[in-house]
Amino acid sequence: MNRITLTAALLASLALTPACATGSKTSATTPMNTVEKENPTGMPREEWINKINTSEILAGKVNVTSVYVDWNGDLQRIQLNVQNDSGRSIHVKYLIEWFDEAGIKLYTPTESWNNVTLSKGQRLSLQGRSTSPYAVDWRFSVQESAL
Amino acid sequence: MKLQHILLGLPLILGACSTVERVDPNSDDAVTTMGVDYDELTEWSETLTRRMLDSRFLDDPELGDHPIYMVVSKIENKTDLSNFPTEVVLGQIRASLLQSEKVRFVTTYGDDATDRMTRETQGMVDDPMFDKDQIPEAGQAAVARLSLRTQIIWIYGQSKKEKQNTYLVRMLVTDVKSGVAIWEAESDPIAKKYSKGGLGW
């Protein structure tokens, strides 16, 4: 076969193949420095937590350093203070589920995985709020995400 | 068959295998579009509900006992998407606030999911077909103390090879007794960047 014809056919094939266009959320990948008060004035109520790690790799990346709880009337809210120890910027998604006194999971209209980007070494506070006065317990799940 | 014929037919062969599968709209398997996707609408609802409850304006004794009546005012779609599903955001926020037992939404008027049955039931009072004793007395329908106004905002940016859509929701609650906004917030922005590749490899 003529080499020119073959090259032309190959180029035509490439041109007809759809170009790989992507639609994606933008992300920040720059490392981050943080400054905060040495002795904070706030006195949060800290919650004891039990970590269930199913991924040792992820456990070394996103560390929950503490959890604060607060009640606004009958409604509970929590704050999970996390730190990115992975040595690089990562995208994670997290989910907070709520349970009643009987341990039954409550219907939460806005329950979904939330996406967040953690820069290298960044400490970030993730918040969740129960919308049901019957919520007494919670569960936090975190997973590395494509964003 | 000549080799060049096979090469020319390659795109057709590659594009032939299409499938349909059910996916979790909250998972990474879901399609990422240049608009706002389902999981992002839910993310907005969660953020705005949390911000509304965190601000504690609903606990102001001036507004009276819970639940406080609220009505959905105008929802303004200022995006490039003509059929923006505002119902998803409003529906989830309404359901969450109802669940909180702090708010109830008036459905006889407003701009979201109104129900004409309250008014129609009142109109049946002179219809001999119905038992008058079961028709609610006039003047009992609730009037909202608070009004929830929504704007969906779109910001567009473009460079030579990339373009970006940024969307966010702006909400405000007005005390209709005074006409003063007592709570205002924005969602976190959702930004989507489109980069066009040169060749499909």
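Use the structure listed above.
Source: prediction; values computed, not measured.

A. Expanded view of the packing of aromatic side chains. According to the stated counting rule, one finds five aromatic pairs over all chains in the structure shown. Geometry around Tyr194(B) places Lys163(B) over its ring, the cationic atom sitting 5.3 Å from the centre.

B. Representation of the nonpolar core. Membership of the largest hydrophobic core comes to 31 residues, with the highest contact counts inside it found for Trp44(B) and Leu58(B). Listed by contribution, the elements that provide at least two residues to this core are helix H2 (38–54), strand S1 (68–78), helix H3 (86–99), strand S2 (103–105), strand S3 (146–158), strand S4 (162–175) and strand S5 (180–186) of chain B. Sort the elements by how many residues they give to this core and H2(B) lands first, with five residues. Setting aside residues up to four positions removed in sequence, Trp44(B) forms contacts with Val36(B), Phe84(B), Val89(B), Ile152(B), Tyr167(B), Leu168(B), Val169(B), Ser187(B), Asp188(B) and Ile190(B). If you look at the next biggest cluster of nonpolar residues, it comprises 20 residues, including Leu58(A), Val62(A), Val67(A) and Val116(A).

C. The arrangement of empty space enclosed by the protein in detail. Applying the stated criterion to the full structure yields two cavities of 30 Å³ or more. Of the volumes computed, that of the largest cavity is approximately 120 Å³. Around the largest cavity, the lining is made up of 13 residues, and of these Ile96(A), Trp98(A), Thr110(A), Glu111(A) and Glu46(B) lie nearest the centre. When contributions to the lining of the largest cavity are tallied by element, the ones reaching two or more residues are strand S5 (90–99) and strand S7 (123–129) of chain A.

D. Just the sheet that holds strand S4 (residues 75–84) of chain A, in detail. The strand order S2-S3-S4-S7 (chain A) describes an open sheet built from four strands, whose pairing is antiparallel. Each edge of the open sheet is held by one strand with a lone partner, namely strand S2 (45–46) and S7 of chain A. Relative to S7(A), H2(B) is tilted by about 80 degrees, and along the sheet it contacts strand S3 (62–72), S4 and S7 of chain A.

E. Local environment of the pattern of salt bridges. Tallied over the full model, the rule gives 23 salt bridges over all chains. For Glu144(A), the salt bridge is made with Lys61(A), and the minimal N-O distance between the two is 2.9 Å. Of the two residues, Glu144(A) is situated in strand S8 (residues 137–144) and Lys61(A) in the loop between helix H2 (56–59) and S3; the sequence distance between them amounts to 83 residues. Through salt bridges with shared partners, one network takes in Asp70(A), Arg77(A), Arg129(A), Asp54(B) and Arg56(B).

F. Fine view of the layout of surface pockets. Residues and elements named next belong to chain A. Volume-wise, the largest pocket comes out at about 670 Å³. Looking at the largest pocket, it is lined by 20 residues, and the ones nearest its centre are Asn-50, Lys-51, Ile-52, Phe-140 and Ser-141. Sorting the residues of the lining of the largest pocket by element identifies H2, S3 and S8 as the ones contributing at least two each. Sorting elements by how many residues they give to the lining of the largest pocket places S8 first, with five residues. Classifying every residue of the lining of the largest pocket by side-chain character gives eleven nonpolar, six polar and three charged.

Thresholds applied
- Residues numbered from 1 in each chain as written.
- Chains lettered and ligands numbered in written order.
- Predicted model: local features only at pLDDT ≥ 70, side-chain atom pairs only at ≥ 80, totals over all residues.
- Heavy atoms only, no water.
- Phe/Tyr/Trp six-rings, centres within 6.5 Å; stacked < 30°, edge-to-face > 60°.
- Lys NZ or Arg CZ within 6 Å of the ring centre and 35° of its normal.
- Core = buried A, V, L, I, M, F, W, Y, C linked by side-chain atoms within 4.5 Å.
- Buried < 20%, exposed > 50% of the residue type's maximum accessible area, 1.4 Å probe, protein only.
- Helix = DSSP H or I, 4+ residues; strand = E, 2+ residues; numbered from the N terminus.
- Contact = heavy atoms within 4.5 Å.
- 1 Å grid on protein atoms, 1.4 Å probe; cavity = no way out; pocket = protein on both sides within 12 Å on 5 of 7 lines; lining within 4 Å.
- Points joined across faces, edges and corners; volume = space filled by probe spheres on them.
- Pairing = 2+ DSSP bridges.
- Axes fitted to C-alpha atoms, helices over the stretch in contact; angles between N-to-C directions.
- Salt bridge = Lys/Arg side-chain N within 4 Å of Asp/Glu carboxyl O.
- Nonpolar A, V, L, I, M, F, W, Y, C, P; charged D, E, K, R; others polar.

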